[in-house]
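Given next are the chains, with one letter for each unit.
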Amino acid sequence: MKLTKTQLTRLIKEELTNYYAVLKVNNNRPTGDTDIIKKAYRSQAMANHPDRGGDSKKMKMVNNAKDVLLNPGNKKKYDQELYKDTIDCKSRSRSGDAFCADTGLPLDD
């Protein structure tokens, strides 16, 4: 079975963990507010800590999310990779009201 480019892109994107969803921040969308990220980390750490009956795998993901999202350099690279399809589509589009065919996301900021 052959995969189309869109299907392959979706599969790759699913493999990239959405750290905003892991921390349950800003409706799973990027935010630059570190206070919100820290507060969400503390909440998820309390809920998922193995000593409090949580899952150690989930706690590891929560820690990875915090490490990436609170480091400005890593966060920038992560956001670019996570939303690469939208960024590429924006660069190809000349009008601001178009939609990206691969993701269906609006091209406006």
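Just so you know, these numbers come straight off a predicted model, no measurement behind them. (Residues numbered from 1 in each chain as written. Predicted model: local features only at pLDDT ≥ 70, side-chain atom pairs only at ≥ 80, totals over all residues. Heavy atoms only, no water.)

Peer 1: Which residues make up the overall build of the protein, and what values go with them?
Peer 2: Scanning the protein for helices and strands turns up six helices and zero strands. Each helix (α) and strand (β) of the protein, taken in turn from the N terminus, gives the series α-α-α-α-α-α. The contacts in the protein between residues at least 6 apart in sequence include a share of 42% that link residues at least 24 apart. Carbon together with sulfur atoms contributes 50% to the accessible area of the protein, which is approximately 7900 Å² in total. (Helix = DSSP H or I, 4+ residues; strand = E, 2+ residues; numbered from the N terminus. Contact = heavy atoms within 4.5 Å. Areas by Shrake-Rupley, 256 points an atom, 1.4 Å probe, with all protein chains shown as cover.)

Peer 1: Residues and numbers for the environment of Asp 67, please.
Peer 2: Tracing the backbone shows Asp 67 in helix α4 (residues 56-69). The class of Asp 67 is partly exposed, set by a relative accessible area of 43%. (Buried < 20%, exposed > 50% of the residue type's maximum accessible area, 1.4 Å probe, protein only.)

Peer 1: Break down the packing of aromatic side chains for me, with residues and values.
Peer 2: Summed over all chains, the structure comprises two aromatic pairs. Ring geometry for Tyr 20 and Tyr 78: centres 6.2 Å apart, planes at 50°, overall tilted. Of this pair, Tyr 20 sits in helix α2 (residues 19-23) while Tyr 78 sits in helix α5 (residues 72-82), and the two are 58 residues apart along the sequence. For the pair shown, Tyr 20 and Tyr 78 are each scored as buried. Joined through ring pairs, the aromatic side chains of Tyr 19, Tyr 20 and Tyr 78 make up one cluster. The ring of Tyr 41 has Lys 66 sitting right over it, with the charged end atom 5.1 Å from the ring centre. (Phe/Tyr/Trp six-rings, centres within 6.5 Å; stacked < 30°, edge-to-face > 60°. Lys NZ or Arg CZ within 6 Å of the ring centre and 35° of its normal.)

Peer 1: Tell me about the side chain of Lys 75, residues and numbers included.
Peer 2: With respect to the helices, strands and loops of the structure, Lys 75 is situated in helix α5. If near-sequence neighbours (up to four positions away) are discounted, Lys 75 is found in contact with Tyr 20, Thr 31, Gly 32, Ile 37, Val 68 and Leu 69.

Peer 1: Report on α4, specifying residues and quantitative values.
Peer 2: When the terminal C-alpha atoms of α4 are compared, their 20 Å separation across 14 residues agrees well with the 20 Å that a helix rising 1.5 Å per residue should span. Every buried residue of α4 is listed here: Met 59, Val 62, Ala 65, Val 68 and Leu 69. (Expected span 1.5 Å × (residues − 1).)

Peer 1: I'd like to hear about the nonpolar core, residue by residue, with values.
Peer 2: Within the largest apolar cluster, 17 residues are counted, with the highest numbers of intra-cluster contacts made by Tyr 19, Tyr 20, Leu 23, Tyr 41, Leu 69 and Tyr 78. Of all the elements in the fold, those that place two or more residues in this core are α2, α3 (34-48), α4 and α5. The dominant element in this core, judged by the number of residues it contributes, is α4, at five residues. In contact with Tyr 78, other than residues within four places in its own chain, are Leu 16, Thr 17, Asn 18, Tyr 19, Tyr 20, Val 68 and Leu 69. (Core = buried A, V, L, I, M, F, W, Y, C linked by side-chain atoms within 4.5 Å.)

Peer 1: Run through the side chain of Gln 44, naming residues and quoting values.
Peer 2: Its location among the elements puts Gln 44 in helix α3. Judged by relative accessible area, which is 11%, Gln 44 ranks as buried. Here Gln 44 is in contact with Val 22, Leu 23, Lys 24 and Val 62, once residues within four sequence places are set aside.

Peer 1: Please give an account of α3 that cites residues and values.
Peer 2: Taking 1.5 Å per residue, 15 residues should reach 21 Å; α3 reaches 21 Å between its end C-alpha atoms and fits that length. Among the residues of α3, Ile 37, Ala 40, Tyr 41, Gln 44, Ala 45 and Asn 48 are the ones counted as buried. What you see down the axis of α3 is that its buried residues fit within an arc of 135°, all on one side. The outward face of α3, more than 90 degrees from its buried face, is lined by the exposed residues Asp 35, Lys 39 and Arg 42. Buried residues belonging to α3 abut α2, α4 and α5. The N-terminus of α3 is capped by Asp 33, whose side-chain oxygen sits 3.1 Å from the backbone nitrogen of Asp 35. (Arc of directions from axis to C-beta. Polar contact = N/O pair within 3.5 Å; in protein donor to acceptor, adjacent residues only side chain to side chain.)

By themselves, these are just geometric observations and shouldn't be taken as functional.
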